[in-house]
Amino acid sequence: MAGRVEGKIAFVTGGGSGMGREHALLLAEHGASLIVSDVNEAGGRETVSMINSKGGQGLFIKFDVAKEAEWKAAVDQAMASFGRVDILVNNAGILIMKTTQDTTGEDLDRMLDINVKGVFYGCKHILPAMQKAGGGSIVNISSIAGIIGMAGAAAYQAAKGAVRILTKSVAVEYAPFNIRANSIHPGIIRTPMTQDFLVNEKTEKAFLGTTILRRPAEPREVSYPVLFLASGESSYITGAEIVVDGGYTTM
Amino acid sequence: MAGRVEGKIAFVTGGGSGMGREHALLMAEEGASIIVSDVNEAGGRETVSMINSKGGQGLFINFDVASEAAWQAAVNQAVSTFGRVDILVNNAGIFMMKMMADTTGEELDRMLNINVKGVFYGCKHILPAMQKAGGGSIINISSIYGVIGAPAASAYQASKGAVRILTKSVAVEYAPYNIRANSIHPGVIRTPMTRDLMATPDSEKAILASTILRRAAEPREVAYPVLFLASGESSYITGAEIMVDGGYTTV
C-alpha cells in the first residue's frame, strides 16, 4: 500500500540524531528515499543504515549547512543520485542558552550561521532540484522561541524568528514553481539538544513552562506534522506556521 | 488496514454540504463512525447515506447549533447511540458580506448565535461524551477572516475571531481531560457558501488576489488538515491555529 510520500525524494538536514533522525525515518516508512545530512558522521550514517535495513533507500552527505558552497555541492550530489528533490526539511540547528548580556559576538555569529544561513542557503539552492520535480514542499524547523519571548536564549530567538518569516518569503517567491514552504514550531521535545534541561522532574517542570499538556514531546510527535506538510494532504497550506508545542504558546 | 481514525466516533456540525460534508466523508473513509448534524435535513441525510453506502456508519441529527438545549439533546443522542464521542468538528457556520454601517442588530445576533454560541455550546456540551472516551480532539473551523482584516465582513470577522481564541481557552481548560482543541483557518474554498463570490472569472480573481497559490481550494484540502488534527498524529498540537489558505495570510 502506497505510503503518504511514496516515491518522493526527501532531503533532511541534521538527520543524525534527535528530531532530524525521526523525520527521516518516518518519511522513509512512508515511501520516500532520503538524503540525510549532518556534521555528525556516525549519527548520519546510522540513520541511513536504519533506513536501508528496513528496505528503504538512504544517502548520507556530510556537510556544514552554514557554508553556501557546501549546500550547492550537496544538492548537486542529491541530483546526481536521485535526479530531483521533492521535500526539504531544514532541521539542522543549534541551541545556545545565554542571555543577551552574556552572548558573545562569536556565539551570535555561530547561531546566525547555522540556524539562519543554513536554512536560507537550503531554500535557495534546493530550487533547481525541486523544479526538476515539478514542485515540492519545504519544511523549516523554527521553534516556539521564534514566536514568544523567553529569558536566556536571545541569539536562538533571533535565529528562529528569522526562520519563521523567511519561510513566508520563500512561500511567496516559490509559489509559481508549485513549491510550498511552511515552518514548524516545536515546543519542548525530548532530544539530545534538550536532555540537560530535562534531567530531573524539577528542571523538567521549569523548562516546560506553560506547556498545557504538561510533558515534553517525543520526536515522532513532530515528525508526523513534518510528514503532513511534506505530503500532498497539505496542498493548500503554504506560508503557514504549525505550532507543535503542547499548548505552550497558547497561554 | 486500519484507518487513521479507525474506530473513533466523530461529530461534525454543518455536515450537510460543503466542507462539513467532506470532513465527514474523509473521516468515515479513515474508519470513523460519524454523527452528522445540520439544519439542512436533505443534505445531512444525503451525507449519511453516502457514508453508509461505502460501508461506514453514520447518524443524522437535525438541530440548530445556536440552541444550547438542542446541543445537549444532540450529544445525549450521540452518546446513547455510540457510547462516547472522540472527535468534534465545529464546522457549522454562516457567512455574510456587509459593511459595518449596514449591519443590523438582527444580523449581528444571528452571526454570533450560530458562529460563536454554536461553537461554544458544542465545546461545552461535548465534554462528558469525550470524558467517556478518555480524551478527544476538538476542531473548530474559524477562517482567515478570524486572523486578518478585510472589508465588508465585520460581523463574520467578529465571530471567527471569537472562535480562534475561545478554542485556546478550551485547550487550556480541557487539557487535564486529555482533550486537545485547535482551530483551522480556511481561506477561499470552493463551496456553496462562496459560490456567489466566485461567480465570474473577474470576481474569482479579485477574491483570490492575496492567495499566493492563485486558486481556491477544494473542500477536501481542508478535510485533510481536519483529519490530521482529529487523529493521534497531532498528539502534541493543542491551542494552535492551522492556516489552510494557500498563503493568503502570508502576504
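Note that this is a predicted model, so its numbers are computed, not measured. (Residues numbered from 1 in each chain as written. Chains lettered and ligands numbered in written order. Predicted model: local features only at pLDDT ≥ 70, side-chain atom pairs only at ≥ 80, totals over all residues.)

Undergrad: So what exactly am I meant to see when it comes to the confidence of the model for chain B here?
TA: Note: predicted coordinates in regions of low pLDDT should not be interpreted at a detailed level. When the pLDDT values of chain B are averaged, the result is 96; 100% of them are 70 or greater. Among the scores for the predicted complex, ipTM is 0.89 and pTM is 0.93. (pLDDT = per-residue confidence, 0-100.)

Undergrad: Any chance you could explain the packing of helix 3 (residues 68-82) of chain A against helix 4 (residues 105-133) of chain A here in plain terms?
TA: Relative orientation and spacing of two packed helices are given, respectively, by the angle between their axes and the distance between those axes. Residues and elements named next belong to chain A. Interhelical geometry of helix 3 versus helix 4 gives an angle of 30 degrees and a closest axis separation of 9 Å. Between helix 3 and helix 4, the crossing angle belongs to the class labelled roughly parallel. As helix 3 packs across helix 4, the resulting crossing turns out to be right-handed. For the pair helix 3 and helix 4, the contacting residues are Glu68, Trp71, Lys72, Val75, Ala78 and Met79 in the first and Tyr121, Gly122, His125, Ile126 and Ala129 in the second. (Axes fitted to C-alpha atoms, helices over the stretch in contact; angles between N-to-C directions. Helix = DSSP H or I, 4+ residues; strand = E, 2+ residues; numbered from the N terminus. Parallel < 35°, antiparallel > 145°, perpendicular 65-115°, else oblique. Left-handed = near helix turned anticlockwise from the far one by under 90°. Contact = placed C-beta atoms within 7 Å.)

Undergrad: Any chance you could explain the environment of asparagine 52 of chain A here in plain terms?
TA: Residues and elements named next belong to chain A. Checked against the element boundaries, asparagine 52 lands in helix 2 (residues 41-53). Sequence separation between asparagine 52 and methionine 193 is 141 residues; the distance between their C-alpha atoms is 26 Å. Excluding its chain neighbours within four sequence positions, the residues that come into contact with asparagine 52 are Gln57 and Gly58.

Undergrad: Honestly, the pairing of strand 1 (residues 9-13) of chain A in this entry has me stumped. Any pointers?
TA: Regular strands show a simple pattern: their side chains alternate between the two faces of the sheet. Residues and elements named next belong to chain A. The element strand 1 is largely enclosed, with a buried count of five among its five residues. Summarising the sheet, strand 1 and strand 2 (residues 33-38) pair through five bridges and their orientation is parallel. Within strand 2, the residue paired with phenylalanine 11 across the bridge is isoleucine 35. In terms of handedness, the path from strand 1 via helix 1 (residues 18-29) over to strand 2 forms a crossover that is right-handed. (Buried ≥ 20, exposed ≤ 12 C-beta atoms within 10 Å, placed from the backbone. Pairing = 2+ DSSP bridges. Right-handed = clockwise from strand over helix to strand, strands pointing away.)

Undergrad: It is not clear to me how the sheet that holds strand 6 (residues 179-186) of chain B should be interpreted in this structure. Could you clarify?
TA: In a beta sheet, neighbouring strands are held together by backbone hydrogen bonds and run either parallel or antiparallel to one another. Residue and element names in this part refer to chain B. One open sheet holds the seven strands; their spatial order is 3-2-1-4-5-6-7, and the pairing between them is parallel. Here the strands that pair on one side only, and so sit at the sheet edges, are strand 3 (58-61) and strand 7 (241-244). Neighbour-to-neighbour, the strand axes of this sheet turn through a mean angle of 15 degrees, independent of strand direction. Pairing of strand 4 (residues 87-90) with strand 5 (residues 136-141) involves four bridges; the strand directions are parallel. In the strand pairing of strand 5, asparagine 90 is matched with asparagine 140.

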